[in-house]
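# Structure assessment
One-letter residues, chain by chain:
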Amino acid sequence: MTTTNTTTTTQFPPPKVLTYPSSTPPILITQGAEGRLYKTTYLSPSIPCALKYRPPKPYRHPILDARLTKARLSAEAKVLERCWREGIPVPAVYAVDTSAGWMAIEWIDGPPVRAGINEWLGDPPEVEQDGGHQQDKKKENADEDEGEAPMVDLMRRIGLAVGRLHNLAGVVHGDLTTSNMMLRPPLDGGDAAQGKAGKALEGEVVLIDFGLATQSQSDEDRAVDLYVLERAFLSTHPRAERLFGEVLEAYRGSFKKAASVLVKLEDVRMRGRKKSMIG
Amino acid sequence: MALERLTLEHVPSTHRVYITLFRDVSNSSFLQSQLISRNPEFEYAFIDVSSIISRTHLLAAVYNAINTQIDGTLKTPNVHSEVVISLSPSNNIAETYRRWGITPDKTKDLIVVKIVVSADEEEAETERKVWEHLTQHVQGTPVPLTDGEISKATDWPKVRKYYKLNGVPGLERLKDEDLKKKQMEKLVLMGMALRGM
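So, here is what we can say about the structure in this document. Predicted, not measured: the structure shown is a model, and the values here were computed from it.

### Overview of the overall build of chain A
Secondary structure summary: chain A contains seven helices and nine strands in total. Expressed as a percentage of the 279 residues in chain A, the buried residues total 47%. Taking the intrachain contacts of chain A between residues at least 6 apart in sequence as the baseline, contacts between residues at least 24 apart amount to 63%. Per element, the accessible surface of chain A, about 14600 Å² overall, is 54% carbon and sulfur.

### Details of helix H7 (residues 258–271) of chain A
All names here are of chain A. Taking 1.5 Å per residue as the helical rise, H7 with its 14 residues ought to reach 20 Å, and the 20 Å between its terminal C-alpha atoms agrees with that figure. Three or more residues of H7 are buried, namely Ala258, Val261, Leu262, Leu265 and Val268. Down the axis, H7 shows its buried residues gathered within 105° of arc, on one side only. In this structure, H7 carries Val263 and Met270 as exposed residues pointing more than 90 degrees from its buried face. Of the surrounding elements, those touching the buried residues of H7 are helix H5 (219–236) and helix H6 (244–254). Positive backbone phi, at 95°, marks glycine 272, one or two positions downstream of H7.

### Describing the pairing of strand S3 (residues 48–53) of chain A
Residues and elements named next belong to chain A. Among the six residues that make up S3, five are buried, leaving the element largely enclosed by the rest of the structure. Sheet topology places S3 next to strand S5 (residues 102–106); five bridges connect them, and they run antiparallel. Note on S5: the bridge partner recorded for tyrosine 53 is tryptophan 102.

### Notes on the sheet that holds S5(A)
Residue and element names in this part refer to chain A. Strands sit in the order S1-S2-S3-S5-S4 across an open sheet of five strands; the sheet is antiparallel. A single partner strand is all that each edge strand has here, and the edge strands are strand S1 (27–31) and strand S4 (93–97). Each strand axis lies, on average, 20° off the axis of its neighbour in the sheet, ignoring direction. Where S1 meets strand S2 (residues 36–41), four bridges bridge the pair, whose relative direction is antiparallel. In the strand pairing of S2, threonine 30 is matched with leucine 37. Strands in contact with helix H1 (residues 62–85) are S3, S4 and S5; relative to S5, the strand with the most contacts, it is inclined by about 20°.

### Thoughts on the packing of aromatic side chains
All told, the structure shown has ten aromatic pairs over all chains when counted by the stated rule. Ring geometry for A:Tyr251 versus A:Phe255: centroids 5.4 Å apart, planes at 85°, classification edge-to-face. The exposure class assigned to A:Tyr251 is buried, which follows from its relative accessible area of 0%. Note on A:Phe255: relative accessible area 8%, which makes it buried. With 6.1 Å between their ring centres and 15° between their planes, B:Phe22 and B:Trp131 make a pair best called stacked.

### Quick look at the interface of chain B and chain A
Tallying the contact residues gives 30 residues for chain B and 36 residues for chain A. Carbon and sulfur atoms supply 63% of the area buried between chain B and chain A, which totals about 2700 Å² over both sides. Counting across the interface, chain B meets chain A through one salt bridge. For B:Lys186, the salt bridge goes to A:Glu106, with nearest N and O atoms at 3.3 Å. Across the chain B-chain A interface, the total number found is 13 residue pairs in polar contact (both at pLDDT 80 or more). At the level of secondary structure, the elements contributing two or more residues to the side of chain B that touches chain A comprise helix H2 (55–71), helix H8 (169–172) and helix H9 (177–193) of chain B. Residue composition of the side of chain B that touches chain A, by class: 17 nonpolar, eight polar and five charged.

The rules behind these values
Residues numbered from 1 in each chain as written. Chains lettered and ligands numbered in written order. Predicted model: local features only at pLDDT ≥ 70, side-chain atom pairs only at ≥ 80, totals over all residues. Heavy atoms only, no water. Helix = DSSP H or I, 4+ residues; strand = E, 2+ residues; numbered from the N terminus. Buried < 20%, exposed > 50% of the residue type's maximum accessible area, 1.4 Å probe, protein only. Contact = heavy atoms within 4.5 Å. Areas by Shrake-Rupley, 256 points an atom, 1.4 Å probe, with all protein chains shown as cover. Expected span 1.5 Å × (residues − 1). Arc of directions from axis to C-beta. Pairing = 2+ DSSP bridges. Axes fitted to C-alpha atoms, helices over the stretch in contact; angles between N-to-C directions. Phe/Tyr/Trp six-rings, centres within 6.5 Å; stacked < 30°, edge-to-face > 60°. Buried area = accessible area lost by both parts, 1.4 Å probe. Salt bridge = Lys/Arg side-chain N within 4 Å of Asp/Glu carboxyl O. Polar contact = N/O pair within 3.5 Å; in protein donor to acceptor, adjacent residues only side chain to side chain. Nonpolar A, V, L, I, M, F, W, Y, C, P; charged D, E, K, R; others polar.

Next comes the structure, spelled out in structure tokens:
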């Protein structure tokens, strides 16, 4: 079934490529300052993809505008490829059209970490739901710490993911938030976690949105990356504040030089994200 | 008839894409000479299957070529040659033809892609003509272009070399061979998408 669609639900015109026929109409997912994200399909109806579109900015000189769009798209694509070659889970790049300002990348299933955490916070894990004979099999000392286990585990997975990004790929993300991390369900046995406490927090942590990423090995840049995540996390999930330390602990253990990044993080906390340019 | 009409997402309805696969082709020299002499009757993309890993791999190149043609920025004479160079992660056109295109006396299994843009004739008519012309001039056994047929001919060491997949840490760590192939396909697609960047 082929339909020609014009995404009438959006107030902005979609990129030209999305006006050509597709099996399902593209859906506008988010709209940021720099661009828009559509969910659509690549090549065949069975391959979902995310199409990132950076529309021309009318307030910029057209030549400068084209050059910036091109440079940013290709920088993002290169960073994603670099991560892929190192085996760091990020979306694959399917196609890039720098002159038209779009990039088609792999669609990552699953909720953002933000949603997972919020679900978990708003809906604390119940030890048993089916009651009766399947009563509490948990150890007697099932104290508060144990109830938090899935959350602690997620925090560690996040710390590890960021550590691997920094260390193996030599990439700093530039915009680490719990919205820019997905919880991708396992390929098979997706319902293995059914009914288990902390199900909302299961899945592989996949980093997304590398629009502000840069290649850097410096402690300073890495510390700022962590600082941005810390600030974002504390403001998005104030109730989970005391668990953030687990992210940093896992980061510390993820590569040799992580400790010096964490020392640097202390400095960054004192002065904020921007380095003073005085002196 | 083993000629397949392809439907690709986000391709204008003015473009009709036909693909097929010939096994045990015996006249690759003749076919290549027709391309070199730019015989307009032989406007096809001829692709050596040994350098291809899946339908998705091929389709990505077809899509990219069509997108480039619509954009008006073809780097080669026509959309068919553009399909071939779209397979490469590099900008070296001559090398790309040698690696992915038809090679005299070497190419045995051949993918043929025909892209027809806004032809006036009926679809059935176009299809019949293309098929007639191909079966007349390609000496080989036509088979449907499936992933299974492609994988019989894929030369993995060659593909790994062409797409620089040797010694890639993200692949070396993988134990599961099926998963490894899936990941390799993604890396191949990325190599193509990032050509010249």
